[in-house]
Structures are given as structure tokens and as C-alpha cells.
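Tertiary structure, described
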Amino acid sequence: MKRLKVDSVIIGGGMIGLALACGLARRGQQVAVIERHKQPELPQQPALRVSALSHRSRSLLKGLDVWSKVEGFRTGPYQAMHVWDKDNAATIHFDAKEVNQQDIGAIAENAVVEHFLWQVAEEAGVHIIEAEKWQLRTPVSEQQEHPNDPVRLMTNDYEIDAGMLFGADGARSRVRQLADLPITFWDYEQQGIVANIRTEQPHQGVARQVFLPSGPLALLPTYDSHLCSIVWSADTEVAAELMALADNPEKFAWRVQIASDNVLGHCQLDSEVAAFPLRMQYARQWYAGSTVLMGDAAHSIHPLAGQGANLGFADVDTWLRLLDEGLTGQRLFAAYQRERKADSLVMISAMEAFKCGFGSSNPALKLIRAAAFALPAAIAPVKRKFVQKALGY
Ligand SMILES: Cc1cc2nc3c(=O)[nH]c(=O)nc-3n(C[C@H](O)[C@H](O)[C@H](O)COP(=O)(O)OP(=O)(O)OC[C@H]3O[C@@H](n4cnc5c(N)ncnc54)[C@H](O)[C@@H]3O)c2cc1C
């Protein structure tokens, strides 16, 4: 049995856990990460899971010396967003120029971001331990009674004593369950269908999203001017239909082409098709004892605005800033929770409002939204707010 004494142990080496590990290590902390998978390899073909990274996320990754590596590996900056409703004239278009920026965000493959974060974390001396099974030997009640004592964790090979325990272990967080931190959730009864689609017309750096009665379909522009990564958030029945077409590339691509109003011309399926269940949830309390939640472990939101990973990177960014400001102990925990919970709830509410504004099939709401979106002046402030959120500020 090997013994490790660290300042922080992080459960979960996804994008958020690894970004936190890199940030803490740069501040001189001894850090261990427990992750059930190996380091993701750089995918040979464009991968299915991508994230539209905001300016704020990219500037965090730049500060960690990770973005310069990710940037050269199939990232696609996009300059504009176009959103429309299948059923009526409601449409919204915004351009990075409107807020004096060169782009709104950049599409990056999750596996690529994780690969380079992992590499930089190891170079900074982070111990990354591959383990599916681990036990928490210091329950939260003990952490609360003896806040200055280390938290002990055991894997098959390691006994780890840590000053802090972070749960960055995703939406089904075991850390959150062990810490008994309650969540509020609702199931969208939708699946997020992802695939890569080759298009006849170039996407011209525009992220497009059409609201269908069964849910939104996003066509995200990749590094290749004729390749879009799609996220089709579809009600369960439609999702089952689409998944049944996964073995019939022409029919699947035809559905995408018709659903997206032929906006990029003829479509071809250029990858496998995968589905992810969609659920909104947030932890009502983000810390207990010496345990703190980050990323999807604390909040997971609808992918319609592509903000889940961005919220997680903002958690990391905030934690590191509060540390730099000299906050410690309960003051640090409370300040972190206050700032990040408020920001996540604003994002969740904005997503729900946007879904209602575009997605609803209620005839009265349809009439109101058609009128509202016909008045460009009236939506200018909403638009500006939305662009700011897309940028991550
Ligand atoms: C279809 C879809 C599209 C999306 N598009 C976007 C987008 O465009 N932009 C965006 O910002 N967000 C997007 N998101 C959201 C984004 O993918 C997530 O918010 C983000 O990946 C969360 O990162 P995380 O590190 O917190 O969690 P995860 O990525 O879930 O990572 C958790 C890690 O913890 C590990 N782990 C879990 N349990 C244990 C355990 N018990 N022991 C050891 N290790 C464990 C897992 O193996 C994993 O590596 C999308 C989500 C979906 C479903």
C-alpha cells in the first residue's frame, strides 16, 4: 500500500477535475486525482462529444498553458449564432462583431481537451490514480467535527490523506451522494443525439439551432468548413426513431436536412450516432465539511446553449481566484457557493426561458413569441445579455 499526503484530492479526471488539478498544482499545492479511465487518446477522426468553449473557459485554459495545445487540434472558432423556430418567423441572429469580438466561442473535442489537461497536470506533478473503486474513510460528519484533520481515502493501491476533497465526478457524482448533498432535478424526457454531418454548403463559422416541436437541433461548425457536429435534443419517442436510423446513414442525414430547413443543403452522415439522456439538476448545497462539488457534480443543464462545461470551468476559475484573494476555510466555501450557485441558476432559468420562447407548442405562447421576436428593438437587450452569456461573462 502506497501512502500519499496531499493538499487536495479530486475525484473525477474529466475536463473540470483536471482543470482544477492543473490550477491548484500551479499554486504550489500537492494534488491527487482519482479517475476510473485512462488518459483519453487523441482521436484520429473528429470525435462525437464536443463543447462550444466560451472566452472565459478559453482564457482559463490559456492560463493553464493548455489552450495553445488544444487550439492546434481541430478547433473551430465561430463568429455568429443563428436560432430560428420551425413553426413560425421567430428568429434571432447575433454576431461577435456586435460585442466587438472576433468570435463567440470555439468548438473543441472533449477528448482532446482532456488529453492535454491530463498531460499538463502530470507535467505539473499531479498524481493521477486510475481507480474505479475507492472508499471514503472520513465521513462528512467527521470532517465537520474535525475540520483541521485530513480526509482519508483508500483505493486498492493507495492510502491518501488530503486537506480537501473535491467531487468533479460528473452528474451522477458519488462524492455528492456520500456527502449527502441534496439536489433539485427535472428530467427533460429527451435524449441528446450527437453525430457529425457533412454538408453541401459551408457553415461559414455560424452555429445554427432550430427549435422543432420535439426539441432543438444544433449544427455546430467544426474546423472543417463542410463538417458540423450536431446535437439533436429530441423527445424520447423521436430520439428512439432517430437512433433506429443510425444504421441507415442516408435516412438519418435526410432527417437532419429536412429538420434544419435545408439550411446547409444536402447532408451526409460522417460518423456513428450516439445518445445521451438529458436531465437538469443542481445541488442545493455545494459543500459539506472539507468536501466541495464542481462541474456537472454540482449542476447539469440542457445542452441547448452549450454551456455545461463552461459553467464547470467557471467554477474552477472562481475557486482559483478566491484562493488568490487569500480566502480560506468557511469563508472560501461560502463565497464560492454564493457566486457559482447564483450564476448556475441564472443560466438554468435563461435556458428554460429560451426553451419556452422558442420551443413551446402552446398556441398562445407561440403568438406572443412570434410578436416579440418580430420587434428587433425589443429583443436587443435580451440579445446582448445572451451574447454575454455565450462569451461566458
Ligand atoms: C449531448 C451533449 C452536448 C453538450 N454540449 C456542450 C457544449 O457545447 N458546451 C458545453 O459547455 N457543454 C456541453 N455539454 C455539457 C458538458 O459535456 C458537461 O457539462 C461536461 O462534460 C462536464 O464535465 P465534468 O468534468 O464536470 O464531468 P464529466 O465529463 O462527467 O467527468 C466526470 C469524470 O469523473 C469520472 N468519474 C465519475 N465517477 C467516478 C468514480 N466514482 N471514480 C472515479 N472516477 C469517476 C468519469 O470517468 C469522468 O471522467 C454537453 C452535454 C451533452 C450531454
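Structure: see above.
This structure is a prediction, so every number in the text was calculated from the model and none was measured.

**Side note on the site of the ligand**
The environment of the ligand is formed by 31 residues, the closest being Glu 35, Arg 49, Asp 296, Gly 306 and Ala 309. Arg 49 places a side-chain nitrogen or oxygen 2.8 Å from an oxygen atom of the ligand. One of the backbone N or O atoms of Gly 308 is found 3.3 Å from a nitrogen atom in the ligand. If the ligand stood free it would expose 1000 Å²; the protein chains cover 87% of that surface. Of all the elements in the fold, those that place two or more residues in the shell around the ligand are helix H1 (15–26), strand E2 (31–35), strand E3 (50–53) and helix H9 (308–324). Taken domain by domain, the makeup of the shell around the ligand includes at least three residues from each of domain 1 (2–64 + 111–184 + 279–353) and domain 2 (77–108 + 188–276).

**Observations regarding helix H8 (residues 249–259)**
Listing the buried residues of H8 in full gives Phe 252, Ala 253, Val 256, Gln 257 and Ala 259. Buried residues in H8 make contact with strand E12 (183–199), strand E13 (206–212), strand E14 (215–221), strand E15 (227–235), helix H7 (236–244) and strand E16 (267–269). Immediately downstream of H8, the backbone of Asp 261 shows phi near 55°, a positive value.

**Brief notes about the packing of H1 against H9**
Put simply, H1 and H9 touch, their axes get as near as 9 Å, and they point 20° apart. With respect to H9, the axis of H1 lies roughly parallel. The way H1 lies across H9 gives a crossing that is right-handed. Mapping the contact onto sequence places Met 15, Ile 16, Ala 19, Leu 20, Gly 23 and Leu 24 in H1 and Ala 309, Gly 312, Phe 313, Val 316, Trp 319, Leu 320 and Leu 323 in H9. Along the lines of polarity and charge, the residues of the contact of H1 with H9 split into eleven nonpolar, two polar and no charged.

**Thoughts on the sheet that holds E3**
The three strands are arranged E3-E7-E4 in an open sheet whose pairing can be described as antiparallel. At either end of the open sheet lies a strand with only one pairing partner, and these are E3 and strand E4 (76–78). Averaged over all pairs of adjacent strands, the angle between strand axes in this sheet comes to 25°, irrespective of strand direction. Direction of pairing for E4 relative to strand E7 (residues 105–109): antiparallel, over a ladder of three bridges.

**Re unusual backbone geometry**
Positive phi, normally seen in glycine, also occurs at Asn 100, with a value near 55°. Along the chain, Asn 100 turns up in the loop between strand E6 (91–95) and E7. The exposed category is assigned to Asn 100, whose relative accessible area is 70%. One non-glycine residue, Asp 261, lies in the positive phi region at around 55°. Topologically, Asp 261 is positioned in the loop between H8 and E16.

**Structural notes on a negative patch on the surface**
A surface patch of like charges, here negative, comprises Asp 187, Glu 189, Asp 235 and Glu 237. Mapped onto the elements, Asp 235 comes out in strand E15. Among the residues examined, Asp 235 registers a relative accessible area of 32% and is labelled partly exposed.

**Thoughts on the packing of aromatic side chains**
Overall, the coordinates contain five aromatic pairs when judged by the stated rule. Their ring planes at 90° and their centres at 5.3 Å tell us that Phe 166 and Trp 319 sit as a pair that is edge-to-face. Remark: Trp 319 occurs in helix H9 and Phe 166 occurs in strand E11 (residues 158–167); sequence separation between them is 153 residues. Judged by relative accessible area, Phe 166 falls into the buried class, the value being 1%. Within the aromatic cluster, the residues linked to one another by ring pairs are Phe 166, Trp 286, Tyr 287, Trp 319, Phe 333 and Tyr 336. The ring of Phe 276 carries Arg 49 above its face, with NZ or CZ at 4.4 Å from the centroid. Over the ring of Phe 185 we find Arg 279, and its NZ or CZ is 4.0 Å from the ring centre.

**Some words on the state of the cysteines**
Throughout the structure, instances matching the rule amount to zero disulfides. The thiol of Cys 267 is unpaired, and the distance to the nearest cysteine sulfur, on Cys 228, comes to 7.9 Å.

The rules behind each value
- Within every chain, residues take consecutive numbers counted from 1 along the sequence as written.
- Reporting of local features is limited, given that this is a predicted model, to residues whose pLDDT is at least 70; pairs of side-chain atoms are given and counted only at 80 or more, and all residues count toward the totals for whole chains, interfaces and linings.
- Calculation of side-chain values draws on the structure's entire complement of heavy atoms; hydrogens and water are dropped beforehand.
- In these notes, residues near a molecule or strand are those with any non-hydrogen atom within 4 Å of it.
- Any pair of N or O atoms that falls within 3.5 Å is considered a polar contact. Within protein, one atom must be able to donate a hydrogen and the other to accept it, and sequence-neighbouring residues count only if both atoms are side-chain atoms.
- Surface accessibility follows the Shrake-Rupley procedure with a 1.4 Å probe radius. Residue values consider only the protein chains on display as shielding.
- Going along the chain from the N terminus, every DSSP run of H or I of four or more residues is numbered as a helix, and every run of E of two or more is numbered as a strand.
- Where each domain begins and ends is defined by an automated method or by a domain database.
- Burial here depends on accessible area, computed with a 1.4 Å probe over protein chains only, as a share of the maximum for the residue type. Under 20% is buried, over 50% is exposed, and the range in between is partly exposed.
- Any two residues whose heavy atoms approach within 4.5 Å are treated as being in contact.
- Orientation is described by axes fitted as lines to C-alpha atoms, over the contacting stretch for helices, and by angles from 0 to 180 degrees between their N-to-C directions.
- Small angles under 35 degrees read as roughly parallel and large ones over 145 as roughly antiparallel, with 65 to 115 read as roughly perpendicular and the rest as oblique.
- The crossing is said to be left-handed when, going from far helix to near helix, the turn is anticlockwise and less than a right angle, and right-handed when the turn is clockwise.
- Each residue gets one of three labels, nonpolar for Ala, Val, Leu, Ile, Met, Phe, Trp, Tyr, Cys and Pro, charged for Asp, Glu, Lys and Arg, and polar for the others, Gly among them.
- Two strands are said to pair when DSSP picks up at least two bridges between them.
- A patch consists of residues exposed above 30% relative accessible area that lack any salt bridge, with like charges linked at up to 9 Å and nonpolar side chains (Val, Leu, Ile, Met, Phe, Trp, Tyr) linked at up to 5 Å.
- The salt bridge criterion pairs a side-chain nitrogen of Lys or Arg with a carboxyl oxygen of Asp or Glu, the two atoms within 4 Å.
- The positive count covers Lys and Arg only, the negative count covers Asp and Glu only, and His and the chain ends enter neither.
- A charged residue contributes its charge at one atom only: NZ of Lys, CZ of Arg, CG of Asp or CD of Glu.
- Whether two aromatic rings pair depends on their centres lying within 6.5 Å, for rings of Phe, Tyr and Trp, where Trp uses its six-membered ring; planes under 30 degrees apart make the pair stacked, over 60 edge-to-face, and the rest tilted.
- Sitting over a ring, as applied to charges here, requires NZ of Lys or CZ of Arg to be within 6 Å of the ring centre and within 35 degrees of the ring normal.
- When two cysteine sulfur atoms are found within 2.5 Å, that pair is recorded as a disulfide.

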